[in-house]
Amino acid sequence: MVAGFVSTSVAASLWVWISIGAASSLLLTSIATLLSLQGAALFAYSLAIRKTQNQVSGTTFASYDFEEGIVQSEIPREHVSSEGGNLSKKHGKFSPFHFHRIILVVILAGIILTTVVGFTAVNLGSQHRTNPGSAGTGGSSGAGTSPSVKTPSSRTMAPSFYAVSNIAEATVSSNASYTGAIETNADDFIIVQIAYSQGSGGNLPDISYVRDTQSSVYTRIASAFPGAAANFWEQVWTGRAPSTTNSANITATPDWLNCPPQCVTSIIVTMTIGLYRGVAGVGAWNAIAPNASSNSQSVGITATQANSTLVELLSHGAYSNCETDAPQPIAGQTSRNCFTGTTERTEFFDHSIPNAQTYTESYIWAQVEVQRGIYLELKGISTS
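These numbers come from a predicted model, not from an experiment.

### Observations regarding the overall build of the chain
(1) Moving on: Within the chain, the regular secondary structure consists of 4 helices and 16 strands.
(2) Moving on: For the chain, buried positions account for 34% of its 384 residues.
(3) Moving on: Within the chain, residue pairs in contact and separated by at least 24 positions form 80% of the contacts whose partners lie at least 6 positions apart.
(4) Moving on: Of the accessible surface of the chain, which amounts to about 20900 Å², a share of 58% is contributed by carbon and sulfur atoms.

Written out as structure tokens, the structure is:
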């Protein structure tokens with residue numbers, strides 16, 4: 001009876017609290033409902049126990065009165081009085097079985113209540129989760145709740161080298177262009193390295209534009225040229241293949257019209273075309289064009305993205321042995337190309353960049369010569 005009264009009182013308090021709007025949630029409603037049911041069950045069980053006890057007591061007393069009337073003449077008064085006293089004590093004693101059963105019901109009700117409330121709390125936690133972020137940092141502001149959203153993890157894959165094509169050195173007269181070809185796949189990232197020198201005395205023309213038969217747009221990323229009257233120029237242009245083709249003709253056109261006088265009447269030019277896949281774009285880059293000849297080259301470049309690829313495009317005076325310019329093992333460089341012409345020579349190296357930091361690239365050649373160098377960071381594509 002007491003346990004039922006306590007459960008009903010707590011449930012009533014909760015219902016009043018919820019009804020006046022002080023608090024409202026599925027968890028509190030569930031607890032109030034369960035406490036109400038538990039209180040009602042305990043009240044009903046208490047009444048049933050009392051009714052059962054009254055029925056048993058009435059039957060027992062009637063049985064004893066009947067036996068006492070029969071044997072009253074045969075039993076001495078003292079004995080009957082003593083027996084009656086014993087019987088009254090016996091009838092007044094409460095059975096411990098009923099008490100244990102009440103305790104058991106209370107314990108079971110508590111276990112059920114705790115289990116249901118626990119599962120309700122877990123269910124609420126899984127359906128609504130407060131966003132820990134704050135306004136301006138990707139989280140939602142306010143005290144409301146929002147559904148749990150799992151953010152997919154992503155990682156950046158370094159671009160991969162695919163192919164390289166060496167275009168034979170040629171002499172290009174004024175008002176003419178220079179063309180090379182390579183097989184491409186759709187979305188290949190194209191790097192065009194152009195190195196040229198004087199075919200006759202005079203100033204060198206700039207490269208006006210680079211185009212191909214697929215109408216791709218090429219952009220000049222870097223230029224290594226010390227200025228007017230220099231006899232050696234290197235440029236790098238990049239584009240992207242729009243489709244797969246067996247032969248994409250790439251044409252470099254010098255700006256003969258705006259060449260400073262006295263302009264050369266011809267240039268000696270060579271081209272190297274490299275293809276990469278998985279390139280998001282060009283990050284950091286650097287170019288060097290020293291005025292003096294040397295047998296070494298060193299440059300620093302600060303990568304902007306981890307897991308990118310550094311491409312080193314070198315050009316310098318020609319000699320016959322390409323093997324003297326092997327990759328630098330400390331930097332992990334891979335030689336993609338070594339092409340020797342009669343006047344200039346191009347080399348194509350690359351290696352992966354694990355971290356966004358400053359890298360120093362150094363080279364040593366077998367002899368003193370004029371040199372140019374362009375260094376490009378190819379940024380990788382993020383994948384989930």
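### Some remarks on the packing of aromatic side chains
Aromatic ring pairs are described here by two measures, namely the spacing of the ring centres and the angle between the planes.
(1) Moving on: Tallied over the full model, the rule gives 6 aromatic pairs.
(2) Moving on: Residues F225 and W233 carry aromatic rings whose centres are separated by 3.8 Å and whose planes lie at 10 degrees to one another, so their mutual orientation is stacked.
(3) Moving on: Look at F225 and you get partly exposed, because its relative accessible area is 22%.
(4) Moving on: Following the ring pairs from residue to residue traces out a cluster consisting of F161, Y276 and F348.
(5) Moving on: The side chain of R211 reaches across the aromatic face of Y209, ending 3.9 Å from its centre.
(6) Moving on: For the cation-ring pair, R277 lies above Y162, with the distance from its terminal atom to the ring centre recorded as 3.6 Å.

### Observations concerning the pattern of salt bridges
(1) Moving on: One pass over the structure, following the stated rule, counts 4 salt bridges.
(2) Moving on: For R345, the salt bridge identified is with E347, shortest N-O distance 3.6 Å.
(3) Moving on: Taking relative accessible area as the criterion, R345 reaches 0% and is therefore assigned buried.

### Let's talk about the environment of T219
(1) Moving on: Along the chain, the position of T219 falls in strand β6 (residues 219-224).
(2) Moving on: C-alpha of T219 to C-alpha of W237: the two residues are 18 residues apart in sequence and 5.2 Å apart in space.
(3) Moving on: If near-sequence neighbours (up to four positions away) are discounted, T219 is found in contact with V236, W237 and T238.

### Points about the confidence of the model for the chain
(1) Moving on: For the chain, the average pLDDT comes to 76, and 67% of its residues sit at 70 or higher.
(2) Moving on: Taken element by element, the chain is modelled with least confidence in helix α3 (residues 77-92), mean pLDDT 46, and with most confidence in β6, mean pLDDT 96.
(3) Moving on: pLDDT under 50 marks residues 121-145. Its contacts with residues more than four places away, or in other chains, come to 18 contacts.

### Considering the environment of T184
(1) Moving on: On the secondary structure map, T184 appears in strand β3 (residues 178-184).
(2) Moving on: Between the C-alpha atom of T184 and that of R240, which follows or precedes it by 56 residues, the distance is 9.5 Å.
(3) Moving on: Looking at T184, its side chain comes within polar contact range of the main-chain oxygen of S243, at 3.4 Å.

### Considering the sheet that holds strand β7 (residues 232-240)
(1) Moving on: Spatially, 5 strands are ordered β2-β9-β4-β7-β6 in an open sheet, and the strand pairing comes out antiparallel. The strands lining the two open edges of the sheet, one partner per strand, are β2 (160-173) and β6. Ignoring strand direction, the axes of neighbouring strands in this sheet form an average angle of 15 degrees.
(2) Moving on: For strand β4 (residues 189-198) and β7, the ladder comprises 9 bridges, and the chain directions are antiparallel. When the bridges of β7 are listed, I191 appears paired with T238.

### What about the state of the cysteines?
Two cysteines form a disulfide when their sulfur atoms are joined by a covalent bond.
(1) Moving on: Inspection of the entire model under this criterion finds 1 disulfide.
(2) Moving on: Here C259 connects covalently by a disulfide to C263, the sulfurs 2.1 Å from one another. Residues C259 and C263 are joined by a disulfide whose S-S torsion is about 100 degrees; by sign, that bridge is right-handed. Accessibility assignment for this pair places C259 and C263 in one class, buried.

### Overview of the side chain of N203
(1) Moving on: Along the chain, the position of N203 falls in the loop between β4 and β5 (207-212).
(2) Moving on: Here the side chain of N203 touches P261 through a polar contact of 2.9 Å, landing on its backbone oxygen.

Thresholds, definitions, all that
Residues numbered from 1 in each chain as written. Predicted model: local features only at pLDDT ≥ 70, side-chain atom pairs only at ≥ 80, totals over all residues. Heavy atoms only, no water. Helix = DSSP H or I, 4+ residues; strand = E, 2+ residues; numbered from the N terminus. Buried < 20%, exposed > 50% of the residue type's maximum accessible area, 1.4 Å probe, protein only. Contact = heavy atoms within 4.5 Å. Areas by Shrake-Rupley, 256 points an atom, 1.4 Å probe, with all protein chains shown as cover. Phe/Tyr/Trp six-rings, centres within 6.5 Å; stacked < 30°, edge-to-face > 60°. Lys NZ or Arg CZ within 6 Å of the ring centre and 35° of its normal. Salt bridge = Lys/Arg side-chain N within 4 Å of Asp/Glu carboxyl O. pLDDT = per-residue confidence, 0-100. Polar contact = N/O pair within 3.5 Å; in protein donor to acceptor, adjacent residues only side chain to side chain. Pairing = 2+ DSSP bridges. Axes fitted to C-alpha atoms, helices over the stretch in contact; angles between N-to-C directions. Disulfide = S-S within 2.5 Å.

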